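Secondary and tertiary structure notes
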Amino acid sequence: MSHLVTLQPSGHNFQVEPGESILRAGLAAGFALPFSCKQGVCRTCRGKLVSGQVDLGDVHPAYLNEADRAAGYVHLCQASALSDVTLDVKELEGLAGVTVKKVPCRIAKIERAAPDVVILHLRLPMNENMMFVAGQHVEFILPGDVRRTYSIATKPSVDGVCALEVHIRQVPGGLFSEQMLNAMKERELMKFEGPLGSFHLRDSDRPAVLIAGGTGFAPMKSMLEHVFERGVHKRRAVSLYWGARTRKDLYQLEVAERWAAERPEFRFVPVLSQATADCGWSGREGLVHEAVLQDLPNLAGVEIYACGAPGMIDACRRDFIGLAGLPDASFFADAFLTRADRAVTA
Ligand SMILES: Cc1cc2nc3c(=O)[nH]c(=O)nc-3n(C[C@H](O)[C@H](O)[C@H](O)COP(=O)(O)OP(=O)(O)OC[C@H]3O[C@@H](n4cnc5c(N)ncnc54)[C@H](O)[C@@H]3O)c2cc1C
Ligand code: FES
């Protein structure tokens, strides 16, 4: 028997089948619920149970601890309803109207941007102009309905886009990023579902600090090019910190440097964690989130947008909230989880 889920404060409601995740049912019903990893890890889809009973599903205690469970927190991507339920959830206004589709695409160009980073340029059918919000991602649909997620690096357009760029770090032993990508040829056909996810720049006057780790630069590129096009950086302080191991891992350094050179209001800080003599580096060194803390020891009035490896996202969340007074509600992130990360917490 299906159950009724009611969302507060909107009053939106929808039916969920037994065992179906509340997130899945809510998205299928057309509501703009927040989500990113869909694996119970990133916390983006958190809601709070107001009434009724849920099965919390497969969430590791590291991501939903005893205190949070006792307080009624629920990860909607893993939870199913055991009765009619009411949940407190912050729905997203900025994503309303975005339609998720399965779209065929052709690989227009395979660009090696760094020793372990490939930029895929995708061309969509002429009638498939895709509408999305800067910061969202797509899921490639591989044989056997295996899915792999990649952030869109292209800026959106009011008319939709029919060319997309994704930045892929090649993970050793990775099914898609290594095995399939190494065998891939230009003009090959692929299929993806998108746009997905809720990572995007919120409408606000507060300074926005964007933090990218490695290919976490991809959604930042989309967001920033959209910010510059609309002149948002002239009325709101916007900065980008981009962390990588060595100079060559900052695979589009000249792009970000050009943004900063052309816009005195925009601040760009590249940071290397493992600079060697070969890097010829005279810039900042250390962990990228530590560079942010050195420059901005008080984060009470800013918004943080972070994208990259789960370890970096966890460190940002922990230290910004714990050491620099960042409100929990001002931290937005997409953690680039892989199957290895999922296996660690399984
Ligand atoms: C919201 C989101 C956005 C993302 N955006 C990007 C992006 O823009 N750019 C980007 O580069 N990446 C991004 N990622 C990560 C990306 O989706 C893939 O996870 C990554 O590319 C690895 O995929 P793969 O198929 O190559 O590797 P997988 O086959 O998933 O394997 C990854 C690693 O896990 C190991 N492994 C596989 N199975 C197991 C197991 N059972 N136990 C232990 N280890 C295992 C493999 O050997 C390998 O080392 C994103 C992820 C998320 C969730
Ligand atoms: S924890 Fe649910 S989307 Fe990440």
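Use the structure listed above.
First things first, this report covers the structure right here in the doc. (Residues numbered from 1 in each chain as written. Chains lettered and ligands numbered in written order. Predicted model: local features only at pLDDT ≥ 70, side-chain atom pairs only at ≥ 80, totals over all residues. Heavy atoms only, no water.)

Describing the overall build of the chain
To keep it simple, the criterion reads: Only DSSP runs of H or I reaching four residues or more are called helices, and only runs of E reaching two or more are called strands; each is numbered from the N terminus. For the radius of gyration, the atom set is restricted to C-alpha positions; the globular benchmark scales as 2.2 Å times the number of residues to the power 0.38. For every residue, the accessible area obtained with a 1.4 Å probe (protein chains only) is divided by the maximum for its type, and the residue is called buried under 20%, exposed over 50%, and partly exposed between those limits. A contact between two residues is defined here by any heavy atoms of the two lying within 4.5 Å. All accessibility values rest on the Shrake-Rupley procedure with a 1.4 Å probe; residue burial counts only the protein chains present in the view.
Secondary structure assignment for the chain yields 8 helices and 19 strands. Over its C-alpha atoms the chain spans a radius of gyration of 20 Å, differing by no more than 12% from the 20 Å that the globule rule assigns to 346 residues. A principal-axis box enclosing the C-alpha atoms of the chain has dimensions of 60 × 50 × 40 Å. The buried share of the chain, taken over its 346 residues, is 53%. Contacts in the chain between residues far apart in sequence, at least 24 positions, make up 69% of those at least 6 positions apart. Entry remark: accessible area of the chain is about 15800 Å², with carbon and sulfur atoms responsible for 51%.

A look at unusual backbone geometry
In this model, Q8 is joined to P9 through a cis peptide bond whose omega is 5°. Residue placement: P9 occurs in the loop between β1 (3-8) and β2 (13-16). For the bond running from G194 to P195, omega is -5°, close enough to zero to count as cis. Looking at the secondary structure, you find P195 in strand β13 (residues 189-196).

Focus on the nonpolar core
What tends to happen in soluble globular proteins is that the nonpolar side chains get buried as a cluster. Defined as follows: Among the buried residues, those of types Ala, Val, Leu, Ile, Met, Phe, Trp, Tyr and Cys that are joined through side-chain atoms within 4.5 Å form a nonpolar core. Boundaries between domains were set according to an automatic or database domain assignment.
One finds I211, I304, A306, F320 and F331 to be the most contacted residues of the largest nonpolar core, which totals 51 residues. Broken down by element, this core gets its largest block of residues, 5 residues, from helix α7 (residues 310-324). Taken together, domain 1 (3-88) and domain 3 (208-345) each give at least three residues to this core, which thus spans both. Beyond its immediate chain neighbours, meaning those up to four positions away, I211 contacts M220, Y241, V288, V292, I304, Y305, A306, C307, M312, C316 and F320. Within the second largest apolar cluster, 34 residues are counted, among which are L201, W242, W281 and C307.

Re the site of ligand 1
Basically, it comes down to this: When at least one non-hydrogen atom of a residue lies within 4 Å of a molecule or strand, that residue is treated as near it. Here a polar contact means two N or O atoms within 3.5 Å. Within protein one must be a hydrogen donor candidate and the other an acceptor candidate, and residues neighboring in sequence count only if both atoms are side-chain atoms. Each residue receives one of three labels: charged for Asp, Glu, Lys and Arg, nonpolar for Ala, Val, Leu, Ile, Met, Phe, Trp, Tyr, Cys and Pro, and polar for the others, Gly being one of them.
Within the structure, ligand 1 sits among 25 residues, and R148, T149, Y150, P172 and S177 are positioned closest to it. The backbone of L337 places a nitrogen or oxygen atom 3.1 Å from an oxygen atom of ligand 1. Note that an oxygen atom of ligand 1 is positioned 3.2 Å from one of the backbone N or O atoms of A340. Within the complex, the protein chains bury 81% of what would otherwise be the 980 Å² of accessible surface of ligand 1. Put simply, the parts of the chain that give the shell around ligand 1 at least two residues each are β11 (146-151), β12 (163-169), α3 (175-183), β19 (331-335) and α8 (339-345). Top element by residues in the shell around ligand 1 is β11. It accounts for 4 residues. Class assignment of the residues belonging to the shell around ligand 1 gives a composition of 11 nonpolar, 10 polar and 4 charged.

A short note on helix α5 (residues 253-262)
Buried within α5 we find L253, V255, A256 and W259. On its buried side, α5 packs onto α4 (217-230), β15 (238-244) and β16 (267-272).

Considering the pairing of strand β8 (residues 101-114)
To keep things clear, this is the line we draw: DSSP-based pairing: two strands are paired if at least 2 bridges between them are found.
Where β8 lies against β13, 6 bridges are found, and the strand directions are antiparallel. Looking at the pairing, C105 lines up with M190 of β13. Taken together, the 7 bridges between β8 and strand β9 (residues 117-123) define a ladder with antiparallel strand orientation. Bridging across to β9, I107 finds its partner in L122. Counted along the chain from β8 to the antiparallel partner β9, the turn is 2 residues long.

Details of the environment of Y73
If you trace the backbone, Y73 turns up in strand β5 (residues 73-75). On a C-alpha basis, the gap between Y73 and K48 in space is 4.5 Å, while along the polypeptide they are 25 residues apart. Apart from the residues lying within four places of it in its own chain, the contact partners of Y73 are R46, G47, K48, L56, L64 and D68.

Focus: helix α6 (residues 288-295)
For α6, the complete set of buried residues consists of V288, H289, A291, V292 and L293. On its buried face, α6 is in contact with β14 (208-213), β15, β16, β17 (284-285) and α7.

Some thoughts on the state of the cysteines
Two cysteines, two sulfur atoms, one covalent bond between them: this is a disulfide. What counts is decided by this rule: The disulfide criterion used throughout: a pair of cysteine sulfur atoms within 2.5 Å.
Summed over all chains, the structure comprises 0 disulfides. Looking at the unpaired C105, the closest cysteine sulfur is the one in C162, lying at 12 Å.

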